[in-house]
Amino acid sequence: MPVLTSPTTQWTAEHLQALDMEPSHQIPLVDGARLHHPLPGFDLWDLWPLQLADGATAVVDGWTLWFVLSAPAGEDPEARHDIVRIRLMAERGGAWRDHGNALPDELNPGSREWAGSSLYDPETGAVTLYWTASGLRGEQPRTFTQRMFETTGTLTGDAAAFAIDGWTAPREIAGGPIPHYVLVTAAEGVPGMIKGFRDPAHFRDPADGAEYLLFTGSLKGSTSAWNGCIGLLRREGESWAVLPPLLSADGLNNEQERPHVVFHAGRYYLFWSTQRKVFAPGVPNGPNGLYGMVAERLDGPWLPLNGSGLVAGNPEEAPVQTYSWWVTHELTVHGFVDYPNSLKGNDHGDAAWRRAHFAGVPAPVFRLVLDGTRAEVAA
């Protein structure tokens, strides 16, 4: 597997010292009592759209198609990560339609299906899914092993009954020993301190047409327990070349989750999600929120948006209301509602409380305004 070189941008405590939670950097307050559940009986969380090669959101028969992590609603919503499947859903004007599990039973090489991204070719109907296989098939008990795979199927049907058929055998992405990144084979883990090799997000560089995958990674050889990074791979024929991280938060933050790039107005905007609890002790930190940087080229240098990197955070009165955001090519921001109307989050010790307060639905959509190094929530 080829190994390439490129610079890595550091996200530092000095950047966080510039954080200013202005109203324009605050996610609108979510009223949990007014939420509509599109799929009763299931918890829904991380979601991403079916995209065209240029990053634009695909519209099929008047609907956008979404891949959504889902699990039957059990006694403790935090157990959902152990039984998660990727679901195919369609959305139009705030209305949702469910089209069942995206992948057939037994196709996933792991024990659970975690987040990724998806690409659509409207000429052929081909859908390529990049996703995280967590655990190992048939394992007992479950582990936190993380591997990334790709598979291609064909989109059929219409809004009444979309389906993706004929999925190819999963092809592992960057398997085996590689430089720069920890390969995650942990048998056990604590939420927030689990290492990352997950969340593959496709990006085609308009400068030369090269294809990349960004992912949530952990730095190999770090001396810090907070060694999160945003990893980068580039397609070379049928395989993926390994590049150094786009971004390192070594010593600052453990998880830069679901990273992705949006090309807008001639610039590259890098976005990721993180939580206050995964910042290292004793360093400046920020809220649960959407963070980002901007560059003139994909290989940087990257400058933190708004000086600190914070794009939009949950409000102080509801610090865990939403999470895991995806910014579309059209600058709409999609996440899920976690624990609205509450100061407590998923580390609260009472499973019954979590079940009563967890929403598990797509969050109200908001928009961004981007102007160079400035990013704001649209009024």
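Residues numbered from 1 in each chain as written. Predicted model: local features only at pLDDT ≥ 70, side-chain atom pairs only at ≥ 80, totals over all residues. Heavy atoms only, no water.

Enquirer: What is the right way to read the pairing of strand E15 (residues 257-264) from this model?
Expert: Every regular strand shows the same layout, with side chains that alternate between the two sheet faces. Burial analysis of E15 places six of its eight residues in the buried class, which makes it a mostly covered element. Relative to strand E16 (residues 267-274), E15 runs antiparallel, the two being bridged by six bridges. Counterpart to histidine 260 in the pairing with E16 is phenylalanine 271. The turn linking E15 back onto E16 is made up of two residues, and alanine 265 within it adopts a positive phi angle of 50°. (Buried < 20%, exposed > 50% of the residue type's maximum accessible area, 1.4 Å probe, protein only. Helix = DSSP H or I, 4+ residues; strand = E, 2+ residues; numbered from the N terminus. Pairing = 2+ DSSP bridges.)

Enquirer: How should I be thinking about the environment of serine 273 in this particular structure?
Expert: In this structure, serine 273 sits in strand E16. Of the residues examined, serine 273 reaches a relative accessible area of 0% and is grouped as buried. Serine 273 sits 17 residues away from leucine 290 along the chain, and the two C-alpha atoms are 4.7 Å apart. In contact with serine 273, not counting residues within four places along its chain, are Glu255, Gln256, Glu257, Gly289, Tyr323, Ser324 and Trp325. Separated by 3.1 Å, the side chain of serine 273 and the backbone nitrogen of tryptophan 325 make a polar contact. (Contact = heavy atoms within 4.5 Å. Polar contact = N/O pair within 3.5 Å; in protein donor to acceptor, adjacent residues only side chain to side chain.)

Enquirer: Would you mind showing me how to read the packing of aromatic side chains here?
Expert: The tally for this structure, following the rule as stated, stands at 17 aromatic pairs. Consider the rings of tryptophan 48 and phenylalanine 67, whose centres lie 6.0 Å apart with planes at 10°: the pair is stacked. Of this pair, tryptophan 48 sits in strand E2 (residues 42-51) while phenylalanine 67 sits in strand E3 (residues 64-72), and the two are 19 residues apart along the sequence. Neither tryptophan 48 nor phenylalanine 67 differs from the other in exposure class; each is buried. Taking the centre distance of 6.5 Å and the plane angle of 15° together, the rings of tyrosine 269 and phenylalanine 271 count as stacked. No difference in accessibility class separates tyrosine 269 from phenylalanine 271, as the two residues are buried. Looking at arginine 80, its charged tip hangs above the ring of tryptophan 45, at a distance of 4.7 Å from the centre. Above the plane of the ring of phenylalanine 42 lies arginine 87, whose end atom (NZ or CZ) is 4.5 Å from the centre. (Phe/Tyr/Trp six-rings, centres within 6.5 Å; stacked < 30°, edge-to-face > 60°. Lys NZ or Arg CZ within 6 Å of the ring centre and 35° of its normal.)

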